[in-house]
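# Geometric and topological summary
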Amino acid sequence: MARLIIVLFFMFEICPTIAQSNRLPITFVLGGNSMSIENILEIETAKFYVGNFELFNNAKLVFSEEKYHLIDLKSDQMLQVMLGLSKELDYNRIEFTLGVDSTTNENGAMGGDLDPTNGMYWTWQSGYVNLKLEGQLGKNEFEFHLGGFTNGNKCEQLLQFDCQKGAAINIEFDLINFLEKTDLEETSQVMSPGSTAVELMGIAKESFHLVE
Amino acid sequence: MRKSVFAVLISAFLLAFHEGGESTTYIPHDWPETQYDFENNPLTEEKIFLGRVLFYDPKLSRDEMISCASCHSPYNAFTHVDHALSHGVFDSIGNRNSPALMNLAWQASFMWDGAINHLDMQALAPISHPDEMASSISEVVDYLNQTDHYRSLYFQAFQDSAATGELTLKALSQFMLTMVSSSSKYDQVKNNIASFNLQELAGYGLFKTHCNACHQEPLFSTFKFASNGLPVDTILNDLGRFKITNDSSHLYQFKIPSLRNLAYSFPYMHDGRFKSITEIINHYTTEKEANLNVAPELQKPMELTANEKIDLTAFLLTLTDSSFVFNKAFNYPRDLYLNLKKD
């Protein structure tokens, strides 16, 4: 399997003005410039679900989309979510979920980004993997398949960012921050729902940042 | 998820009928509401047929030898006989006895430990398990998309020749949803077209006293989870539902199986340890070991005389539904392959 060696992931100009457009692109990028240790990060997999995008204008809900999107930070084709908006729409806040909700997890077979052929559905038990990270940081290999939707194991996260109308939205996932806070010496493999998955999804949530 | 499915009943004992491609699974009039949401996956003749072809196709497995039907043979009420534990690709042995498949629309969870929460997603487990079919849904879909007759079957079923994971799983569900067993002698008695003999009647009384709490009529299971006090197999050390929930109150609990078609579905229990109905009944009349999290209903052994055991067995055999087991609509789709050969 091809491996990508990333020390820093640079984001280029992918934020054209969208003032005249009725499409709002939300682009996810892999970040890691908080790295304080000299390690080489090798990433095999960095995939996650985002969904239920909502836009607010001064706390008033002005747009919502009930849909899940699979983001694959290793695939150029799967980095972006495009929302269709009316040009007149004013908004200053965006919210969306990281992970798949309980209802969707109980719905049976679904297609598109939720098709189980995407490798983001457990087979030995029911449920979507919300966030899948596999690779190696320094000497430590890691394998995180984080998900869970039943009572106590529910780990879908709500992400909220202030944003500006007219600017594309770029959101960075700071993987180094996630791995540092996870403490790979202690926990390097989580493959099933439970309290550890819930805790790590909390760390993942804090590792997403809006890039100005 | 609980949805009612309304179907006009021409007969409570018909499995299905077809009208313009649409198909309806008959719901016997006195049965509870189904758990499966048929509105999400309305049955059609073409989708059911596609599901049937998939069910019998060994090429879905790593060594091209194991199909769903390998462990779920129609002649055994869709389980398999001879083996306590089911076996898969390259003669590997699993750690559980494959469950009999029937009346699946009424069940909210699947597998002995309830690991799967929807019929559509159930097939992912055996497709992927290294000791069963040892493949993956993406490899299966790749194979289907490269196989001419499947492209045609998908087109007939979904008006799109491209197989996807979603459509494949839904087609398999469609076929499995037609596996309704509701034509046993018991059902005929309930519908006043047959009557129990004295032995069966006495057995029915014993059943209602001793068994009905867990093996509730008319499906002959609550489909909940319980420990029936089987001593733990020290090699398998199967913890049951606990492995899924991590909740110690679920230790050694397994899904309560239906008693329908018991005559066809031996061996019994999650690890296939019992070969006969007599062994099962003797288990329930025996004192249980401590620390097995035994269900409250089974704390005290059942008290049954030798004659009562025979009566109870006679009743259990009235749950045998030979029209289900020998229904040709469930058989290997021989005609399809004969026609393909001709072409």
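### Digging into the overall build of chain B
If you tally the helices and strands in chain B, you get 14 helices and 4 strands. The C-alpha radius of gyration of chain B comes to 20 Å, within 12% of the 20 Å expected for a compact globule of 343 residues. With the C-alpha coordinates aligned to their principal axes, the bounding extent of chain B is approximately 60 × 50 × 35 Å. Across the 343 residues that make up chain B, the buried fraction comes to 56%. Contacts in chain B between residues far apart in sequence, at least 24 positions, make up 68% of those at least 6 positions apart. Summed over its atoms, the accessible surface of chain B is roughly 15700 Å², and 52% of this surface lies on carbon and sulfur atoms. Averaging the coordinates of the 26 positive side-chain charges in chain B and doing the same for the 39 negative ones gives two points 2 Å apart.

### Re the packing of aromatic side chains
The tally for this structure, following the rule as stated, stands at 37 aromatic pairs over all chains. Ring centres 5.8 Å apart and planes at 90° place the aromatic pair Phe28 of chain A and Phe96 of chain A in the edge-to-face group. Of this pair, Phe28 of chain A sits in strand β2 (residues 23–31) while Phe96 of chain A is found in strand β6 (residues 93–98), placing the two residues 68 residues apart along the sequence. Here the two residues Phe28 of chain A and Phe96 of chain A agree in accessibility, since each one is buried. Residues Tyr75 of chain B and Phe326 of chain B carry aromatic rings whose centres are separated by 6.1 Å and whose planes lie at 35° to one another, so their mutual orientation is tilted. Placement of the pair is Tyr75 of chain B in the loop between α2 (68–71) and α3 (119–122) and Phe326 of chain B in the loop between α13 (322–325) and α14 (334–342), with a sequence separation of 251 residues. An aromatic cluster of three or more residues is present, and its members are Phe28, Phe48, Phe53, Phe96, Phe142, Phe144, Phe161, Phe173, Phe178 and Phe208 of chain A. Here Lys208 of chain B stacks its cationic end above the ring of Tyr204 of chain B, 4.1 Å away from the centre of that ring. If you follow Arg241 of chain B out to its NZ or CZ, it ends over the ring of Phe225 of chain B, 4.2 Å from the centre.

### Observations regarding the pairing of strand β10 (residues 169–174) of chain A
All names here are of chain A. Counting buried residues along β10, 6 of its 6 residues qualify, which places the element largely inside the surrounding structure. In β10, alternate side chains face the same way, and those of Ile169, Ile171 and Phe173 on one face and Asn170, Glu172 and Asp174 on the other are all buried. Looking at chain direction, β2 and β10 are connected through 6 bridges and run parallel. Looking at β10, one finds that Gly31 is bridged to Asp174. Of the pairings in the sheet, the one linking β10 to strand β12 (residues 208–210) comprises 3 bridges and is antiparallel in character. Across the sheet, residue Ile171 finds its bridge partner in β12, namely Leu210.

### Focus: the interface of chain B and chain A
With 20 residues of chain B at the contact, the number on the chain A side is 17 residues. Across the chain B to chain A interface the summed buried area is about 1400 Å²; carbon plus sulfur atoms make up 59%. Here chain B is connected to chain A by 0 salt bridges. Applying the counting criterion to the chain B and chain A interface returns 7 residue pairs in polar contact (both at pLDDT 80 or more). Counting residues per element, the ones that place at least two in the side of chain B that touches chain A are α3, α4 (124–128), α5 (137–145) and α7 (165–177) of chain B. Here the side of chain B that touches chain A takes 4 residues from α7 of chain B, the largest share from any one element. Partitioning the side of chain B that touches chain A into residue classes produces 10 nonpolar, 7 polar and 3 charged.

### A look at the pattern of salt bridges
By the definition in use, this model includes 11 salt bridges over all chains. Note that Asp162 of chain A is salt-bridged to Arg93 of chain A, the shortest N-O span being 2.5 Å. Of the two residues, Asp162 of chain A is situated in strand β9 (residues 157–162) and Arg93 of chain A in strand β6; the sequence distance between them amounts to 69 residues. A residue is classified by how much of its surface remains accessible, and Asp162 of chain A, at 53% relative accessible area, is exposed. Given a relative accessible area of 23%, Arg93 of chain A falls into the partly exposed group. Lys185 of chain B is the salt-bridge partner of Glu200 of chain B, the closest N and O atoms lying 2.8 Å from each other. One end of the pair, Glu200 of chain B, is in helix α9 (residues 198–210); the other, Lys185 of chain B, is in helix α8 (residues 185–190), and 15 residues separate them in sequence. We classify Glu200 of chain B as buried; its relative accessible area is 10%.

### Structural notes on the state of the cysteines
Think of a disulfide as a covalent bridge from one cysteine sulfur atom to another cysteine sulfur atom. Residue and element names in this part refer to chain B. Per the counting criterion, the structure on display carries 0 disulfides over all chains. No disulfide involves Cys214; its nearest neighbouring cysteine sulfur is the one of Cys211, lying 9.1 Å away. Take Cys214: its relative accessible area is 17%, and that puts it in the buried class.

### So, the domain arrangement of chain B
All names here are of chain B. Once the domains are mapped, chain B shows domain 1 (2–181 + 324–334) and domain 2 (185–322). With 34 residues of domain 1 at the contact, the number on the domain 2 side is 29 residues. Together, the buried faces of domain 1 and domain 2 total about 2700 Å²; carbon and sulfur atoms form 59% of this surface. In this structure, the connection of domain 1 to domain 2 is made through 1 salt bridge. Asp238 is paired through a salt bridge with Arg96; the nearest N and O atoms lie 2.7 Å apart. Taken together, domain 1 and domain 2 are joined by 18 residue pairs in polar contact (both at pLDDT 80 or more). Counted by class, the side of domain 1 that touches domain 2 contains 18 nonpolar, 12 polar and 4 charged residues.

### Quick word on the packing of helix α1 (residues 45–55) of chain B against α7 of chain B
Two quantities define a packed helix pair, namely the angle between the helix axes and the distance between the axes. Residue and element names in this part refer to chain B. Packing of α1 against α7 leaves a shortest axis separation of 7 Å and a crossing angle of 95°. Between α1 and α7, the interaxial angle falls into the category roughly perpendicular. Here Lys47, Ile48, Leu50, Gly51, Arg52, Leu54 and Phe55 of α1 come into contact with α7, specifically with Thr168, Ala171, Leu172, Gln174, Phe175 and Met176. Residue composition of the contact of α1 with α7, grouped by class: 8 nonpolar, 3 polar and 2 charged.

### A look at the sheet that holds β12 of chain A
All names here are of chain A. One open sheet accounts for 4 strands, arranged β5-β2-β10-β12; its pairing is mixed. In this open sheet, the two strands that pair with only one neighbour each are β5 (80–84) and β12. With direction set aside, neighbouring strand axes in the sheet form an average angle of 25°. With 5 bridges joining them, β2 and β5 adopt antiparallel strand pairing. Each bridged residue has a counterpart across the sheet, and for Arg23 the counterpart in β5 is Gly84. In this fold helix α2 (residues 175–182) packs onto β2 and β10, with an angle of close to 30° to the strand it touches most, β10.

Criteria and thresholds
Residues numbered from 1 in each chain as written. Chains lettered and ligands numbered in written order. Predicted model: local features only at pLDDT ≥ 70, side-chain atom pairs only at ≥ 80, totals over all residues. Heavy atoms only, no water. Helix = DSSP H or I, 4+ residues; strand = E, 2+ residues; numbered from the N terminus. Rg over C-alpha atoms; globule rule 2.2 N^0.38 Å. Buried < 20%, exposed > 50% of the residue type's maximum accessible area, 1.4 Å probe, protein only. Contact = heavy atoms within 4.5 Å. Areas by Shrake-Rupley, 256 points an atom, 1.4 Å probe, with all protein chains shown as cover. Lys, Arg positive; Asp, Glu negative; His and termini not counted. Charge placed at Lys NZ, Arg CZ, Asp CG, Glu CD. Phe/Tyr/Trp six-rings, centres within 6.5 Å; stacked < 30°, edge-to-face > 60°. Lys NZ or Arg CZ within 6 Å of the ring centre and 35° of its normal. Pairing = 2+ DSSP bridges. Buried area = accessible area lost by both parts, 1.4 Å probe. Salt bridge = Lys/Arg side-chain N within 4 Å of Asp/Glu carboxyl O. Polar contact = N/O pair within 3.5 Å; in protein donor to acceptor, adjacent residues only side chain to side chain. Nonpolar A, V, L, I, M, F, W, Y, C, P; charged D, E, K, R; others polar. Disulfide = S-S within 2.5 Å. Domains from an automatic or database assignment. Axes fitted to C-alpha atoms, helices over the stretch in contact; angles between N-to-C directions. Parallel < 35°, antiparallel > 145°, perpendicular 65-115°, else oblique.

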